[in-house]
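Notes for the structure review
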Amino acid sequence: MIKQLKLSPLSLFSIVLFTSLFGFTSTMANSSEFDNVNIEVIKARNNVYMLKGAGGNIGVLATDKGLVMIDDQFEPLAERIENAMQSISKQSLKYIINTHFHGDHTGGNGYFSHKAPIFAHQNVLERLLGEGKKADFLPEITYQDGLVIHLADEEVQLTHYPRAHTDSDTAVYFKQANVLHTGDLFFELGFPYIDLKRGGSVKGYLAAVNTLLAQMPDDVVIIPGHGKLTDKKRYQAFADMINYSINRVSKLLNEGKTEQEIIILGLGDNYKQWSWQFISEEKWLKTLIADLTSH
Ligand SMILES: [Zn+2]
């Protein structure tokens, strides 16, 4: 797996995701492999922006009362991320939100926690404590079901989705701007990564996606956890793909097919385009099989 990796931002996501699963994230943080990463600023709508670098997409709300930042990628990129935010607005950072605990979304916590308090679901705190993270890496304000931040004329709605990508996921909706940051409840670039060992579930993941689809206006602008700025139509296609995958694998399991047989049969030509560097069709099928046979 390591052999295939090159130094694109996507690969860095893969390396850090891979290494973070084995607890080596801190060694990556010292790596010079972030040297060539640029932080790109993309306007989502009104005063909400998406920052692309390496790792999970960052969301930024810019108001005359300060900035709100969703996720913070990796420590070696922190100053570049801060400069990119300054290019949007000279206002200071007011709040930070972690959509979940994974290292490619929280890696900059140790830097940004000195600028503003971090908000996250209670399980983000538990998971980061479990990884032995230092105090300045941890969220200061935690919640169970969600909370609402009222800043300037924006209403930032944080909603927890249990047992989805992990057990710590929050989706963030900017009501006035009508922009949704899904965290890793949406991999725009392909099959989702679902962290079964840390509270994730394929059915819980689909339920979260379906709930978000039902609640969001049709013209919502979506910042996905990974991939490009997108819309509800693409999110619906993602939901349809997951729904089809669960139904197909359930059916094949019921027929008594083995893992190897299911991998050979696959999902069919309509779904080939959802394979990407980190989550191939085979890896996605293995996640489905592992979860659907676990109870
Ligand atoms: Zn993640």
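Predicted model, so just to flag it, every value in this text is computed and none were measured.

What counts as what
- Residues numbered from 1 in each chain as written.
- Predicted model: local features only at pLDDT ≥ 70, side-chain atom pairs only at ≥ 80, totals over all residues.
- Core = buried A, V, L, I, M, F, W, Y, C linked by C-beta atoms within 7 Å.
- Buried ≥ 20, exposed ≤ 12 C-beta atoms within 10 Å, placed from the backbone.
- Helix = DSSP H or I, 4+ residues; strand = E, 2+ residues; numbered from the N terminus.
- Contact = placed C-beta atoms within 7 Å.
- Pairing = 2+ DSSP bridges.
- Axes fitted to C-alpha atoms, helices over the stretch in contact; angles between N-to-C directions.
- pLDDT = per-residue confidence, 0-100.
- Parallel < 35°, antiparallel > 145°, perpendicular 65-115°, else oblique.
- Left-handed = near helix turned anticlockwise from the far one by under 90°.

Most often, soluble globular proteins have nonpolar side chains that are buried together. Core analysis: the biggest nonpolar cluster contains 71 residues, and Met69 and Val179 have the highest contact counts within it. For this core, the element with the highest residue contribution is helix 7 (residues 202-215), accounting for 6 residues. Beyond its immediate sequence surroundings of up to four residues, Met69 is in contact with Ile58, Val60, Met85, Leu93, Ile96 and Phe112.

With that settled, the discussion passes to the sheet that holds strand 7 (residues 141-143). Consider a sheet: its strands pair through backbone hydrogen bonds, and that pairing is either parallel or antiparallel. A sheet is described by the order of its strands in space; here 7 strands give the open sequence 1-2-3-4-5-6-7, paired in mixed fashion. The open sheet has two free edges, formed respectively by strand 1 (40-45) and strand 7, since each of these has just one partner strand. Neighbour-to-neighbour, the strand axes of this sheet turn through a mean angle of 25°, independent of strand direction. Bridge count for strand 5 (residues 93-97) against strand 6 (residues 118-121) is 2 bridges, and the pairing is parallel. Counterpart to Ile97 in the pairing with strand 6 is Phe119. Contacting strand 1, strand 2 (48-52), strand 3 (58-63) and strand 4 (66-70), helix 3 (residues 78-88) runs over the sheet at an angle of about 35° to strand 3. Here helix 6 (residues 122-130) sits on the sheet in contact with strand 6 and strand 7, set at roughly 95° to strand 6.

Once that is clear, we can look at the confidence of the model for the protein. Averaged over every residue, the pLDDT of the protein is 92; the share at 70 or more is 89%. Segment residues 1-9 is flagged for pLDDT under 50; beyond a separation of four residues in sequence, or across chains, it makes 10 contacts in the model.

Our next topic: the packing of helix 7 against helix 8 (residues 232-254). Between helix 7 and helix 8, the least distance of the axes is 10 Å, while the angle of their chain directions is 150°. Here helix 7 lies roughly antiparallel to helix 8, going by the angle between them. Seen from above, helix 7 lies across helix 8 with left-handed handedness. Seen from helix 7, the contacting residues are Val202, Lys203, Tyr205, Leu206, Val209, Asn210 and Leu213; seen from helix 8, they are Lys232, Tyr235, Gln236, Phe238, Ala239, Ile242, Asn243 and Ile246.

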